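Each chain is listed here by its residues.
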Amino acid sequence: MMRFFLLAFAALALPAQPAFEFWPGSSYDPAVPTVQKVLGHEPGHHLATHLEMRKYYDALAAYAPNRVKVFEYGQSWEGRKLIYAVIGNEANMRRLPEIQANMKKLNDARKTSEAEAQKLIAATPVIVWLGHAVHGNEVSGPDSALLAAYHLLAARNQPTVEAILRNTLVIIDPLQNPDGRMRFVHSFEQSVGLEPDATPAAAERNEPWPGGRVNHYLFDMNRDWFALTQPETRARIKMLREWLPPVIVDLHEMGSESSYYFAPEAVPFNPHLTKEQKTSLDWFGKNNAKYFDQLGYSYFTREVFDAFYPGYGASWPAFYGAIAMTYENSSVRGLAYRRSDGTVYNYLDSVRKHFTTQIATCEAAANYRQQLLTNFWNYAKTAIEEGKKEDTKAFILPRRGDVAIVDRLAALLVEQGIEVQRAPASVNGYPDGSYVVSTAQPAKRLIRVLLDKQVNMESEFLREQERRRSKKLGDEIYDVTAWSLPLMYNVESVAVNAPVTARLDPYTAGAPPAATFAIATVAYVVPWKGRAAAQLLGAALRADLKVRSTDKEYVQDGRAYPRGTLIIQVKENAANLHDTLRRIAGEAEVVPVNSGWVDSGVNFGSSAVKLMKKPRIAIAWDQPVASYSAGAARFVIERQFGYPASVIRTATLGFTDLDAFDVIILPSARGSYETVLGGSAARLKTWVQKGGTLIGIEEALNFFTAQNVGLLSTSQESLATERKPDPVKPENGRLPGKLIKDETSYLDSIKPDRDVADAVQGILAIAKTDPEHWITAGVPATVNALVQGRTMYAPLKLDRGVNAAYFVGPDQLLASGYMWDENKKQLAYKPLVMVERQGLGHVIGFAYDPNFRAYLDGLNVLFVNAVFRGPAHAR
């Protein structure tokens, strides 16, 4: 009922207008269900909910089942169904399985001849995928998607629509992030008053933390397309691989004062995009521009939004051969917005813009159907040829070290359509079970994008960024510049320059086999070798097993066991211990032992063997917490390691009983923790001294290091430069005269007297780990961390704590990406992880987020050690 009244008030409040034509000159079949008839409101006058969208598409499918079909392809964390609609003429809709099969044939020249490909190209419509609202608070896309579906089904005597339905198959994904959309809609409905408020600061558009942009676990899913951490993304990739649309549009929104952006993209382009992919962007850009010019809408192209990072919805599909594009609409973030020039921007206009580009894009695809399919065929064909000719013929992923992460990487590649093989015996000197990824396959360019250690930006673009920096103009790099999966997973990847000729079996990822091991009489030992052992630890503690862990190596029955090895003694646990361990072991190795005697090193009763406490974990939630950082920390703990965490709002954390927790995590921040926790610093410090483990990430360390807080004995550094003399103070309002001899002296004279480093836009840097500290148990000698921003901290002094991981020297530091030279020099030998003892507890500082986007799997164990081993060592 409340929703009805809100709709009624909104309808009354909008100014009376003549009948609005979304597509000028169109007439519609009155029998086709309209948005008004099904949902009770006109398009552009209301923010449709997830259920309303489903209701409308179901109504269209019920009316015209021979022209539209609705498919479910997954669900969100909160249980909302993900759907897409396929729209076409009756002839094409009868051929859906055939069209899918044709696209797969065109995607593999090893199985399809040139002659057969040409027949398929002549007979197959081009598929266009229109995806909306991967950021849930970018609101106009889903409502424009309803209108686009209606227009394609109901428009009469419309040559544009007839051509689209004849030459294309249109897939509309109306809502990629339903959880985020509903978070925003609920916020809007709770705040809207008698009429829509156009005031920019109005509560109805300024949603509370964390906002609707993100999904349930607060992920930006438009960065997740190759990492596949979220179920929504995994389902979408699976769906796209079933259809392989050659045209992809990911529709977004940007600032309310902006105009509209469509392709071509800005530089830099990813070097693994083809010339045809870049030049064909003009086909769509020019057609969009034609209609925007007619309607009087302004727009821009080739600025801001680049095509370099492969994790966008408008980039990942390009690496199976699609033309992938981002469209960005200025956002109303409600129903009306008063711009700085005094004009009121209505939701109706916002919806119309996205509707227009969708139809214009489909029209361009229809006009260029044959060329698009030809380019799609040639993309995969030339990829195979390049894989045979280029120096890198294959990548080998040796199955050693943390084999669970190696297996995970291989499975991730398979999930994206990359062919992976497994060696049943030793291959090229690497262990049996190692994975081989040949580049002579259709996914060759995606393989190189994801497995190459370095993907370079255009040199001309980089020169321009350096020039801009020299004038303090800021760089134009849009996102991170490094994402190599082997580096982020911290696993070996060997590029080989000859085809691997050993016997190889196709690898299909699946669940690991059930664990089998003998019944022990004394203990079950789990070597602390990485991810799988850490997952077992979380499961064991949840199952209330009593688990101990050694801080030192030992040898038993001739086998060496590393630091961190878990020891689960039979007499300390219930009689069903063996069955419980079999159920929770996963990929972890479990070794039954029948004696406590060791050949060398520590025995099970040593003081170096710590009892692993079942920790009660709290994560700070709400302002000023950075939502991405908080969500990633929670996701890693809960979903990757299967252990629950409490999320506590920061306002509550200031007065709650801290003794209810063993671990408190302060994620990075977009503001100052002092504003909400400053008065609680003494309470936090007392809690740590009584045995608490306090973990801070990135900007949280600013709070830890504040003089009035004193939780971590370090400080941020300013830019290290040759110190200038203290500036001369004016006398009587004047400075002493100074001669500037030349241009170089002039440029030097205008440099700031004190400065901070320029922000780094996401690089992978190598850090060395301390082999004696408990926090590095099971962690390799070096790790790769993602560094972004400008913050750097001075190392802890020996009498204050331990720099458990610190960056290597400037010449070896950069593992991947592009980094300013002065940052590289200054970051050398600075800490990544600091541990400071305070009383009985610990303060642990991560200078850079170990959970960034939840795709730094190579740092998982370091973070898990902080969470689980911190309480074990707090006494």
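For the structure, see preceding data.
Computed from a predicted model, the values in this text were never measured in an experiment.

Re the overall build of the protein
Counting secondary structure elements, the protein contains 28 helices and 36 strands. For 875 residues, the compact-globule estimate of 2.2 N^0.38 gives 29 Å, and the protein sits close to it at 29 Å. Principal-axis analysis of the C-alpha atoms places the extent of the protein at approximately 85 × 85 × 65 Å. For the protein, restricting intrachain contacts to residue pairs at least 6 apart in sequence, the fraction spanning at least 24 positions comes to 79%.

Notes on the sheet that holds strand 23 (residues 566-569)
Pairing between the strands of a sheet comes from backbone hydrogen bonds, and it takes one of two forms, parallel or antiparallel. One open sheet holds the 5 strands; their spatial order is 24-19-23-20-26, and the pairing between them is antiparallel. Here the strands that pair on one side only, and so sit at the sheet edges, are strand 24 (591-593) and strand 26 (609-612). Going from strand to strand, the sheet's axes swing by 30° on average, the running direction of each strand aside. In this sheet, strand 23 lies alongside strand 20 (residues 547-550) in antiparallel orientation, the contact comprising 2 bridges. Within strand 23, the residue paired with Arg548 across the bridge is Ile567. Sheet contacts for helix 19 (residues 531-542): strand 19 (523-526), strand 20, strand 23 and strand 26; angle to strand 23, the most-contacted strand, approximately 35°. Across the sheet, helix 28 (residues 860-872) is in contact with strand 20, strand 23 and strand 26; its angle to strand 26 comes to roughly 110°.

Focus on a nonpolar patch on the surface
The grouping of Ile740, Tyr746, Leu747 and Ile750 at the surface amounts to a nonpolar patch, some 380 Å² of accessible area in total. Mapped onto the secondary structure, Tyr746 falls in helix 26 (residues 743-749). By relative accessible area, which is 40% here, Tyr746 ends up partly exposed.

Digging into the layout of surface pockets
Its boundaries defined by the atoms lining it, the second largest pocket holds a volume of some 1000 Å³. Elements that contribute at least two residues to the lining of the second largest pocket include exactly helix 10 (231-243), helix 15 (403-415), helix 19 and helix 21 (627-640). Looking at the lining of the second largest pocket, the element that brings in the most residues is helix 15, giving 7 residues. Among the residues making up the lining of the second largest pocket, the classes are represented as 24 nonpolar, 8 polar and 12 charged.

Examining the packing of aromatic side chains
Tallied over the full model, the rule gives 46 aromatic pairs. Ring centres of Tyr73 and Tyr84 lie 5.8 Å apart, and the angle between their planes is 50°; this geometry places the pair in the tilted category. With Tyr73 in strand 2 (residues 68-75) and Tyr84 in strand 3 (residues 81-87), this residue pair connects regions lying 11 residues apart in the sequence. Comparing Tyr73 with Tyr84, the two get one shared label, buried. Consider the rings of Tyr818 and Trp820, whose centres lie 5.6 Å apart with planes at 85°: the pair is edge-to-face.

Some thoughts on helix 12 (residues 281-295)
With 15 residues, helix 12 extends 22 Å from end C-alpha to end C-alpha; this agrees with the ideal 21 Å at 1.5 Å per step. Of the residues making up helix 12, those classed as buried are Leu281, Phe284, Gly285, Asn287, Asn288, Ala289, Tyr291 and Phe292. Positive backbone phi, approximately 80°, marks Gly296, located one or two places after helix 12.

As for the environment of Val344
On the secondary structure map, Val344 appears in strand 13 (residues 344-346). For Val344 and Thr199, which are 145 residues apart along the polypeptide, the C-alpha to C-alpha distance reads 9.4 Å. Each residue touching Val344, except ones within four places of it in the same chain, is listed here: Ala198, Ala336, Tyr337 and Arg338.

As for the pattern of salt bridges
If you walk through the whole model with that rule in mind, you get 47 salt bridges. In this structure, Glu363 engages Lys290 in a salt bridge whose closest nitrogen and oxygen atoms are separated by 3.8 Å. Of this pair, Glu363 sits in helix 13 (residues 347-367) while Lys290 is found in helix 12, placing the two residues 73 residues apart along the sequence. The class for Glu363 is buried, based on a relative accessible area of 11%. Here Asp758 ties to Lys472 by a salt bridge, and the two come within 3.9 Å at their closest N and O atoms. Here Asp758, found in the loop between helix 26 and strand 31 (760-769), pairs with Lys472, found in the loop between helix 17 (459-470) and helix 18 (485-489); they are 286 residues apart in sequence, far enough to count as distant. For Asp758, a relative accessible area of 19% puts it in the buried group. By relative accessible area, Lys472 is classed as partly exposed at 46%. Overlapping salt bridges bring together Glu138, Arg213, Asp220, Arg223, Asp479 and Arg853 as one network.

Side note on helix 21
Counted at 1.5 Å a residue, the expected span for helix 21 with its 14 residues is 20 Å, and the 18 Å between its end C-alpha atoms agrees. When you tally the buried positions in helix 21, you get 12 out of 14 residues, the bulk of the element. Those residues of helix 21 that sit buried are Ser627, Ser629, Ala630, Gly631, Ala632, Ala633, Arg634, Phe635, Val636, Ile637, Glu638 and Gln640. A positive backbone phi angle near 65° is found at Gly642, which sits one or two residues after helix 21.

What counts, and at which threshold
Residues numbered from 1 in each chain as written. Predicted model: local features only at pLDDT ≥ 70, side-chain atom pairs only at ≥ 80, totals over all residues. Heavy atoms only, no water. Helix = DSSP H or I, 4+ residues; strand = E, 2+ residues; numbered from the N terminus. Rg over C-alpha atoms; globule rule 2.2 N^0.38 Å. Contact = heavy atoms within 4.5 Å. Pairing = 2+ DSSP bridges. Axes fitted to C-alpha atoms, helices over the stretch in contact; angles between N-to-C directions. Patch = residues over 30% accessible without salt bridge, like charges linked within 9 Å, V, L, I, M, F, W, Y side chains within 5 Å. Areas by Shrake-Rupley, 256 points an atom, 1.4 Å probe, with all protein chains shown as cover. Salt bridge = Lys/Arg side-chain N within 4 Å of Asp/Glu carboxyl O. Buried < 20%, exposed > 50% of the residue type's maximum accessible area, 1.4 Å probe, protein only. 1 Å grid on protein atoms, 1.4 Å probe; cavity = no way out; pocket = protein on both sides within 12 Å on 5 of 7 lines; lining within 4 Å. Points joined across faces, edges and corners; volume = space filled by probe spheres on them. Nonpolar A, V, L, I, M, F, W, Y, C, P; charged D, E, K, R; others polar. Phe/Tyr/Trp six-rings, centres within 6.5 Å; stacked < 30°, edge-to-face > 60°. Expected span 1.5 Å × (residues − 1).

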